[in-house]
Amino acid sequence: MTSDDGLFTAAELAELLALARALYPHEALADGPYERTIAKIVSRASAEPALWHVLHDGLAEIHDGGSDLHSALEARVGTPFFESLRALVAWHLYDDHEVWDFIGYPGASFDRGGYLHRGFDDLDWLPEPRVRESTEPFEAIAISEGNN
Amino acid sequence: MIRYERDDADVAVVIGSGPGGSTLALQLVREGFRVVMLEAGPWIPNEDFVNDERIAFDQLTWKDPRRATGTWQLAKDFPGSPAWTGKVVGGTATFWTGLTPRFKSHEFEAHRSYGEVPGSSIADWPVTLEELSPYYERAERAMGTSHRHGRPPMPANNNYKVLANGAQRIGYEHFATGPYATNVEEYDGRPGTLRDGFCQQGDKSTAKWSPLVSEIPKAIATGLMELRTNAQAVQITLGSDGRADGVVYADENGALHRQRAAIVAVAGNAIETPRLLLLSATAGHEDGLANSSGQVGRNYMRHVTGVVYGEFENEVHMYRGEPMAGIVNDESRHDPRRGFSGGYYLEMIAQGLPSFTTFMTPGGWGPEFTSKVEAYTRTAGLWICGEDMPRETNRVTLDGSLLDRLGLPSPSVHYDDHPNDVAMLDHAYRQGEKLFRAVGATRVTKAPAMPSGHNMGTARMSEDAAAGVVNGFGQTHDVPNLFVSDGSVFTTGAAANPTLTIMAIVLRQADYIVRQARSGAL
């Protein structure tokens, strides 16, 4: 399936998806977030000629290498293609709530009463520390002898 | 709310509604002055804040173009974002973190305490800790900061338990959950915190102090202050007598208006304040208003900062509770045996997943990066905040090749790290790693600075009119009724988070303005 506007072929879309996974490999994460990430990038590229150009040229060129995707990407660090794609994949992938669930980040909490009664202090593998300030004197300037 | 006429020439115009501008405005209206406050951003009520880092960033941030140049890492990582400041009623304090340590006595006398530091413009302040102490106390009471004046300490959250235990195990003594300007319990008509973890996105509950929930509504309630929102100052005008007589500002459609003024106070944060002074260049002030010293925009400081993350076998969930209610003071002393002058704090920090993935390793990717992301819930964080060296060449200038929506030149922020900054950061990274290793961290990641929240020094205080922009009261040497009322006036940066000190010096400034005005000297 090509993108609706014909700007990306099915092969290119598949390649983008594979690149997104190679950039941010979360083995146990389903394809959904990666697909949504690429859909957002493609949609943006269809409105930004410069981005489409960079992606299109980069996709054409990356086929020539023949090495695995991680090495292919590594060899292109610093190129407009790599930098544009990396930044966009990171931005959208880690804003995807399925990824938040996968990592264990719950997001908004205010409407659930914050964490006041939901474990803000439930860490139990360390002793309870002092929360007040120490009453020991604080030496603001170290008077050093033989200081180098 | 009262409305003033634009021709009312007896008003004080305060530019900026952050901690500096709001504190000044409230003191002035309490003393019977008539005040017009101009805020470049909109009024966003607390209930409209959003528990989402990206949406909130978009809602609250000053996003007009800026440029970062120099050897600092930010110029590489975020070249269009040297700083993170607010464009919203309440200013940057709508998303500040809340720690309120005072500066130390020797930090007001940095030159005397540290001696010559080659390659720096280090100097002593024309103000002492003793003179500021009563104002510090008033500022702490205004905020209701924890651990002070009968306010209880913040309870420990998970992230703090890691920080404090690590601190103790490597021999530190001076750690606590504050002082921190968020209500543990009800204070000043505002509730105790729900520990919802979102304060850098605007605090929906109003438990965290900011001018939006305190100084601004109080000032409006006196009936003497008019707040104009979406009103961005673009020029301060001078009368033929050399006194400031008005402020030109653009409304949200870009249309210009002029408010006449008897007194003008600029509190736009240490990037926009010098920018406005430079934009206000006029006959007799060709290099910028109040810039006969040539110091406007220079000596920009932003603290020595970086983040250290510790990854553990067990769960931490750093995003729960107050993000920065934890501070270790031990390294904030001046101890040249460590190989640098000045000191630094280690402060707790928590981020949601979007920020964590943006800042943990800027530009990071690949399997090592994603393995750190997958350890997010088992990760604790600390933030380094230390004194950086002022340098004349670290400065805010106007960049005519980068224009804002009004066609005005944007601020370019140049910053080269001083060797003292580099030595301090290196020491702090090592101590941060030791701290987390001491409580079992299996992996430690050192992250570079994020766009600066602490911006200081670009209209520095000096009693010598040739060496600074303002005197010890923030009054410009060149224009008697023009004041600077924010962190731009800091002569040096000290190690502490700046907001409390901004408020203290502005409270002192307000007393001075009232005295001067009543004696006819102003």
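Parameters and conventions
- Residues numbered from 1 in each chain as written.
- Chains lettered and ligands numbered in written order.
- Predicted model: local features only at pLDDT ≥ 70, side-chain atom pairs only at ≥ 80, totals over all residues.
- Heavy atoms only, no water.
- Helix = DSSP H or I, 4+ residues; strand = E, 2+ residues; numbered from the N terminus.
- Rg over C-alpha atoms; globule rule 2.2 N^0.38 Å.
- Buried < 20%, exposed > 50% of the residue type's maximum accessible area, 1.4 Å probe, protein only.
- Contact = heavy atoms within 4.5 Å.
- Areas by Shrake-Rupley, 256 points an atom, 1.4 Å probe, with all protein chains shown as cover.
- Lys, Arg positive; Asp, Glu negative; His and termini not counted.
- Charge placed at Lys NZ, Arg CZ, Asp CG, Glu CD.
- Phe/Tyr/Trp six-rings, centres within 6.5 Å; stacked < 30°, edge-to-face > 60°.
- Lys NZ or Arg CZ within 6 Å of the ring centre and 35° of its normal.
- Buried area = accessible area lost by both parts, 1.4 Å probe.
- Salt bridge = Lys/Arg side-chain N within 4 Å of Asp/Glu carboxyl O.
- Polar contact = N/O pair within 3.5 Å; in protein donor to acceptor, adjacent residues only side chain to side chain.
- Nonpolar A, V, L, I, M, F, W, Y, C, P; charged D, E, K, R; others polar.
- Pairing = 2+ DSSP bridges.
- Axes fitted to C-alpha atoms, helices over the stretch in contact; angles between N-to-C directions.
- Parallel < 35°, antiparallel > 145°, perpendicular 65-115°, else oblique.
- Core = buried A, V, L, I, M, F, W, Y, C linked by side-chain atoms within 4.5 Å.
- Arc of directions from axis to C-beta.

### Here's the deal with the overall build of chain B
A tally of regular secondary structure across chain B gives 12 helices and 17 strands. In terms of overall dimensions, chain B is globule-like: its C-alpha atoms have a radius of gyration of 22 Å, near the 24 Å expected for 522 residues. With respect to the three principal axes, the spread of C-alpha positions in chain B is 70 × 50 × 45 Å. Residues classed as buried in chain B amount to 67% of the 522 residues present. For chain B, long-range pairs separated by at least 24 residues make up 75% of all intrachain contacts whose partners lie at least 6 apart in sequence. Only carbon and sulfur atoms are counted for the fraction: they give 47% of the accessible area of chain B, which is about 15,800 Å². For chain B, the distance from the average position of its 49 positive side-chain charges to the average position of its 61 negative side-chain charges is 3 Å.

### Let's talk about the overall build of chain A
A tally of helices and strands in chain A yields 6 helices and 0 strands. Counting only C-alpha atoms and orienting by the principal axes, one finds that chain A spans roughly 70 × 50 × 30 Å. Put simply, chain A has 148 residues, and 39% of those count as buried. Considering only intrachain contacts with a sequence separation of at least 6, the fraction spanning at least 24 residues in chain A is 61%. Looking at chain A as shown, the accessible area adds up to about 8,200 Å², and 54% of this sits on carbon and sulfur atoms.

### Quick look at the side chain of Ser332(B)
Positionally, Ser332(B) belongs in the loop between β11 (327-328) and β12 (344-348). Those residues in contact with Ser332(B) that lie beyond four places of it in its chain are Phe138(A), Lys104(B), Glu107(B), Gly343(B), Tyr344(B) and Tyr345(B).

### With respect to the packing of aromatic side chains
Applying the stated rule across the entire model yields 28 aromatic pairs over all chains. Both rings, one in Tyr24(A) and one in Tyr94(A), keep their centres 5.6 Å apart while their planes meet at 85 degrees; by these two values the pair is edge-to-face. You can see Tyr24(A) sitting in the loop between α1 (10-23) and α2 (31-45) and its partner Tyr94(A) sitting in the loop between α5 (80-93) and α6 (97-103), a full 70 residues away along the chain. Owing to a relative accessible area of 0%, Tyr24(A) belongs among the buried residues under this scheme. A ring pair is formed by Tyr24(A) and Phe369(B), whose centres lie 5.5 Å apart and whose planes are at 70 degrees; its orientation type is edge-to-face. In this pair, Tyr24(A) sits in the loop between α1 and α2 while Phe369(B) sits in helix α10 (residues 366-374), so the two residues belong to two different chains. An aromatic cluster of at least three residues, connected via ring pairs, comprises Trp100(A), Tyr105(A), Tyr115(A), Tyr309(B), Tyr319(B), Phe356(B) and Tyr376(B). The ring of Phe175(B) has Arg130(A) lying over it, and the distance from NZ or CZ to the ring centre is 4.3 Å. Against the face of Phe120(A) rests Arg195(B), its NZ or CZ located 4.6 Å from the ring centre.

### Quick look at the interface of chain B and chain A
Taken together, the contacts link 66 residues of chain B with 57 residues of chain A. Carbon and sulfur atoms supply 64% of the area buried between chain B and chain A, which totals about 5,200 Å² over both sides. The interface formed by chain B and chain A holds 5 salt bridges in total. A salt bridge links Arg130(A) to Glu173(B), with the shortest nitrogen-to-oxygen separation between them at 3.7 Å. Seen at the junction of chain B and chain A, the total is 31 residue pairs in polar contact (both at pLDDT 80 or more). Broken down by secondary-structure element, the contributors of at least two residues to the side of chain B that touches chain A are α2 (53-60), α6 (158-169), β4 (175-176), α9 (353-359) and α10 of chain B. With 7 residues, α6(B) is the largest single contributor of residues to the side of chain B that touches chain A. Taken together, the residues of the side of chain B that touches chain A break down into 24 nonpolar, 24 polar and 18 charged.

### Observations concerning the pairing of strand β6 (residues 232-238) of chain B
Residues and elements named next belong to chain B. Counting buried positions over the 7 residues of β6 gives 5, a clear majority of the element. Note that β6 and strand β7 (residues 244-250) share 6 bridges and pair antiparallel. Among the inter-strand pairings, Thr237 is bridged to a residue of β7, identified as Gly246. Between β6 and β7, which pair antiparallel and follow one another directly, the connecting turn spans 5 residues, one of which, Gly242, has a positive phi of 80 degrees.

### Describing the packing of α2(A) against helix α3 (residues 49-62) of chain A
Residue and element names in this part refer to chain A. Running from N to C, α2 and α3 point in directions that differ by 120 degrees, and their axes come no closer than 7 Å. Classed by the angle they form, the pair α2 and α3 counts as oblique. Residues Ile41, Arg44 and Ala45 of α2 form the contact with α3, whose participating residues are Leu51, Trp52 and Leu55. A breakdown of the residues in the contact of α2 with α3 according to their chemical character gives 5 nonpolar, no polar and 1 charged.

### Focus: the nonpolar core
Grouped burial of nonpolar side chains is what soluble globular proteins tend to show. All names here are of chain B. In this structure, Ile15, Met225, Ile236, Leu353 and Phe436 are the most contacted members of the largest nonpolar core, which totals 189 residues. Per-element accounting of this core gives the leading share, 11 residues, to helix α12 (residues 499-518). Apart from residues no more than four positions distant in its own chain, Phe436 is found in contact with Val162, Val308, Tyr309, Gly310, Phe312, Ala380, Gly381, Leu382, Ala441 and Val444. Listed in part, the 5 residues of the second largest apolar core include Ala110, Tyr114, Ile122 and Met389.

### Quick notes on the environment of Ala142(B)
Residues and elements named next belong to chain B. Looking at the element boundaries, Ala142 is found in helix α5 (residues 129-143). When the C-alpha positions of Ala142 and Gly386 are compared, they lie 25 Å apart, and in sequence the two are 244 residues distant. Among all residues touching Ala142, those that are not within four sequence positions of it are Asp188, Trp209, Ser214, Glu215 and Met503.

### As for the sheet that holds strand β14 (residues 395-403) of chain B
Backbone-to-backbone hydrogen bonds pair the strands of a sheet. The strands run either parallel or antiparallel. All names here are of chain B. Ordered by their spatial adjacency, 3 strands build an open sheet running β3-β15-β14, and the pairing between neighbours is mixed. A strand with exactly one partner marks an edge of an open sheet, and here the two such strands are β3 (67-69) and β14. Averaged over all pairs of adjacent strands, the angle between strand axes in this sheet comes to 35 degrees, irrespective of strand direction. Note: β14 against strand β15 (residues 409-414), 6 bridges, orientation antiparallel. Counterpart to Arg395 in the pairing with β15 is His414.

### Considering α2(B)
Residues Glu53(B), Arg54(B), Ala56(B) and Leu60(B) constitute the buried set of α2(B). In a view along the axis of α2(B), the buried residues occupy a sector of 165 degrees, so they form one face of it. Buried-residue contacts for α2(B) involve α5 of chain A together with α9 of chain B. The N-cap of α2(B), judged by a side-chain oxygen 3.1 Å from the amide nitrogen of Arg54(B) a few residues on, is Asp52(B).

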